Structures are given as structure tokens and as C-alpha cells.
Amino acid sequence: MGLFTKIRLAWGHGVFIISLAAFILSLGTLAVKLLTGSRGEPGTMSPFQVACFPSIICWCICSVANGSEWKNLWEGSSTVMFYTVLRAVLGAGALVLYYLSIEYLPLKDAVTLFFCSPALAALAEWVINRESLSTSVIVGGTFTILGVFFVTQPGCIHKLGATEMGGSSAPGRSGGMLLAILAATCNAGAFVAIRMLQGAQTTLTLTWWYHLVVASVTLVPLLLGYPSQVVLLPSAPQCALLIGVTITQLTGQFLLNRGFKLMTATRGSAINVLQVLWSYLWEVLILKESLNAVSAMGGVCVM
């Protein structure tokens, strides 16, 4: 079997595509945490900057890749265009809210809440598409969410008033938790919107619309002087991280769009939870967090 044959087979394998996207996007999440730091920390960038600049570059790349076929971006029935734009809006909302939650919360807490989206996606498909919730889906979703909590051990499941990892009494923590939950809701909705398209749009078109909306909604607050009247130019290390965010955002979203055309939102979003395992690994290796038996138990549940 030749190399191109293997690539073609992989391109049609939804599990592989979304697993690869999860790995790539986890690298982007690490870069975002390094760029934004904690709320109010000097020398860091705002989540709007981190989301805006890479999306502008990604949108330009998608525009060039589309070439002279601009009409393809607007073709389709009203229903197709509705779900195309809805996927872009929900995806952009998920990204921005997620980045904001990362600024307010420890990385593991934000990731935990964000990846409740598989359960939300299953519920949405049950309500909208009337897809039955089989026993395996219910059990799998339960173990996935349980595993996410074990692996990340979020401060939000500690008793009220805990201070470990900036416990629930930390300033802005409640707002950060709400942002992460809203991000998970938008993320699940975006998955369902892609599924509703049933392959009517190309992956490139979906990615083009997504980055257009992200760039637009994040550029507006920056132009209005929020959160700071002065937008600081990134340092050399920050530029390198922004390039990393750009690459992971472009390839990760492209692969996710492809993967969710090949399988249900419920199954795809459950596989995408692998980002949690990768993110925890980066915390151990890069951010020097310790690994314990509870984390290992969570890994077993997720897998």
C-alpha cells in the first residue's frame, strides 16, 4: 500500500482525524495559557489578541487556498448557509469564551468544564435529531466526564472556600467557571451544526467562515480599547507562541470540520476529549504539575 493510499484512507477515518485534531489543539491550548497567564499578570496578552491575530492569518490563508472560487463561499440553499454561519458563530463563541476562561481559571479547571461538551452534544442531538441515547452512549458519556474530572482534578469540585489552585473563593473564579460552561455549550452546538450540514459544505468553506467570525468578534473590542486602551506589541517569544497558536488553530479546526462530517457529534466530541489527556501531559512536562493515582484513574476512564 503506497503512502498516498494510506493518507487517503486516513482522511476518510473520522476517529483518526479527530484524535489528531485533539493532539494539535491541545498544543494550542498550552500556548494560549503561556500567552495569557493569569488575569492581571503583567507582560501577558489579552485573550482577544491571542484569538484575533492568528484568526486573521488563518482567514487569509483560507482565502488564498480558495483561489478564484469565491462564489463557493456563498453557494448553497438558505438552510445550508444558515448552518454554515451558525457553525462559525458558535465555534467562534466557544473559542473566545474558552480563552477567557483560561485567563481566569487554572488550565485544568477550564479544560474540565469545557469538555463537558460531549454530554451536551449528545443531549442536543437527542432533542434536535431525535437520535436515541443508547446505553453505550450514556455509559460512555458518563465515564468520559468522570474521567475528565479525575484527570484534571478541578478546584471547582473541592469544597466551597478551598484555596488550592485558586479555589472557589478566588476573585473572578465564578465568572471563569461560567465562561467555560458557556464555551462548552457553544462547542457542542457547533458540532451539531456541522452534522446538520450532512457534508453540504466543504471543509475549507467551513474553516473560512469560522476564522472570519473569530477575527471579527475579537477585533471589535480591541478597536474599542477593551480590555486596554493600548495594545502592546508581542515580544519575540510571544510571536513564536502566536505562530504556534495560528498553526494549531488552522490545522486543528480544519481537521475537526472534516472529522465531524464523518461521524456523529456525540461520538466525535467524545473523542475530542482526548485534548484533556494531552493538556494534562503538557502541564506535567511544561508547567511542572505533579501526576498522581487519581489522574491515572481518570486517564483510564477517558480511554
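Residues numbered from 1 in each chain as written. Predicted model: local features only at pLDDT ≥ 70, side-chain atom pairs only at ≥ 80, totals over all residues. Heavy atoms only, no water.

J.: Break down the overall build of the chain for me, with residues and values.
T.: Of the regular secondary structure elements, the chain holds 13 helices and zero strands. Put simply, the chain runs from its N terminus to its C terminus through helices and strands in the order α-α-α-α-α-α-α-α-α-α-α-α-α. With 303 residues in all, the chain has 47% of them scored as buried. Sequence-distant contacts, at least 24 apart, represent 85% of the contacts inside the chain between residues at least 6 apart. When the accessible area of the chain is evaluated, it comes to approximately 14100 Å², of which 71% is carbon and sulfur surface. (Helix = DSSP H or I, 4+ residues; strand = E, 2+ residues; numbered from the N terminus. Buried < 20%, exposed > 50% of the residue type's maximum accessible area, 1.4 Å probe, protein only. Contact = heavy atoms within 4.5 Å. Areas by Shrake-Rupley, 256 points an atom, 1.4 Å probe, with all protein chains shown as cover.)

J.: So what about a nonpolar patch on the surface? Which residues, and what values?
T.: There is a patch of nonpolar side chains on the surface, built from Leu34, Trp278, Leu281, Leu285, Ile286 and Leu287 and spanning about 480 Å² of accessible area. The dominant element in the nonpolar patch, judged by the number of residues it contributes, is helix α12 (residues 274-285), at three residues. Residue classification places Ile286 among the partly exposed positions, given a relative accessible area of 45%. (Patch = residues over 30% accessible without salt bridge, like charges linked within 9 Å, V, L, I, M, F, W, Y side chains within 5 Å. Salt bridge = Lys/Arg side-chain N within 4 Å of Asp/Glu carboxyl O.)

J.: Now, about the environment of Thr246: what can you tell me, with residues and values included?
T.: In this structure, Thr246 sits in helix α10 (residues 236-259). Here the alpha-carbon distance between Thr246 and Ile56, two residues 190 residues apart in the chain, equals 9.1 Å. If we skip the residues at most four places from it in the chain, Thr246 touches Pro54, Ile57 and Cys58. Among the polar contacts made by the side chain of Thr246, one reaches the main-chain carbonyl oxygen of Leu242 at a distance of 2.8 Å. (Polar contact = N/O pair within 3.5 Å; in protein donor to acceptor, adjacent residues only side chain to side chain.)

J.: Just give me the short version of the packing of helix α3 (residues 47-66) against α10, but keep the residues and values in it.
T.: Packing of α3 against α10 brings their axes to within 9 Å, and their N-to-C directions diverge by 55°. The angle between α3 and α10 places the two elements in the oblique class. Here α3 runs over α10; the crossing is right-handed. Of α10, the residues touching α3 (which contributes Val50, Ala51, Phe53, Pro54, Ser55, Ile57, Cys58, Ile61 and Cys62) are Leu242, Val245, Thr246, Gln249 and Leu250. Here the contact of α3 with α10 is built from residues that sort into 11 nonpolar, three polar and no charged. (Axes fitted to C-alpha atoms, helices over the stretch in contact; angles between N-to-C directions. Parallel < 35°, antiparallel > 145°, perpendicular 65-115°, else oblique. Left-handed = near helix turned anticlockwise from the far one by under 90°. Nonpolar A, V, L, I, M, F, W, Y, C, P; charged D, E, K, R; others polar.)

J.: Mind laying out the nonpolar core, listing which residues take part and the relevant values?
T.: Judged by nonpolar contacts, the single largest core of 44 residues is most densely connected at Tyr98, Tyr99 and Phe115. Residue assignment for this core shows that the elements contributing at least two residues are α2 (14-36), α3, α4 (78-104), α5 (107-114), α8 (173-197), α9 (203-223) and α10. Top element by residues in this core is α4. It accounts for 11 residues. Residues contacting Tyr98, with those up to four places away along its chain left out, are Thr29, Ala110, Val111, Phe114, Phe115 and Ala183. Counting 14 residues, the second-largest nonpolar core is a separate cluster that includes Ala21, Ile194, Leu256 and Phe260. (Core = buried A, V, L, I, M, F, W, Y, C linked by side-chain atoms within 4.5 Å.)

J.: Let's hear about the packing of aromatic side chains: which residues, and what values?
T.: Under the criterion given, the structure shown has 10 aromatic pairs. For the pair Tyr98 and Phe114, a centre-to-centre distance of 4.0 Å together with 10° between the ring planes defines the contact as stacked. Taken together, the positions of Tyr98 in helix α4 and Phe114 in helix α5 put the pair 16 residues apart, joining distant regions of the chain. Just as Tyr98 is buried, Phe114 falls in that class too. (Phe/Tyr/Trp six-rings, centres within 6.5 Å; stacked < 30°, edge-to-face > 60°.)

J.: How would you sum up the confidence of the model for the chain? Please name residues and give values.
T.: Overall, the prediction assigns the chain a mean pLDDT of 79, with 77% of residues at 70 or greater. Within the chain, no element has a lower average pLDDT than helix α13 (residues 293-302), which sits at 61, and none a higher one than α4, at 92. Across residues 157-169, where pLDDT falls below 50, the model places 17 contacts with residues more than four positions away in sequence or in other chains. (pLDDT = per-residue confidence, 0-100.)

J.: I'd like a description of α9, backed by residues and values.
T.: Helix length check: α9 (21 residues) gives 30 Å between terminal C-alpha atoms against 30 Å at 1.5 Å per residue, within 8%. Residue Gly225 follows α9 closely and has a positive phi angle near 80°. (Expected span 1.5 Å × (residues − 1).)

J.: Let's hear about the environment of Ile61: which residues, and what values?
T.: For Ile61, the position within the fold is in helix α3. In sequence terms Ile61 and Trp208 are 147 residues apart; their C-alpha atoms lie 8.8 Å from each other.

J.: Tell me about the side chain of Thr36, and name the residues and values.
T.: Tracing the backbone shows Thr36 in helix α2. Non-local contacts of Thr36, meaning those with residues more than four positions away in its chain, are made with Thr44, Met45, Ser46, Pro47, Val50, Ile102 and Glu103.

J.: Now, about the side chain of Ser101: what can you tell me, with residues and values included?
T.: Along the chain, Ser101 turns up in helix α4. The class of Ser101 is buried, set by a relative accessible area of 0%. In contact with Ser101, other than residues within four places in its own chain, are Ala110, Gly176, Leu179 and Ala180.

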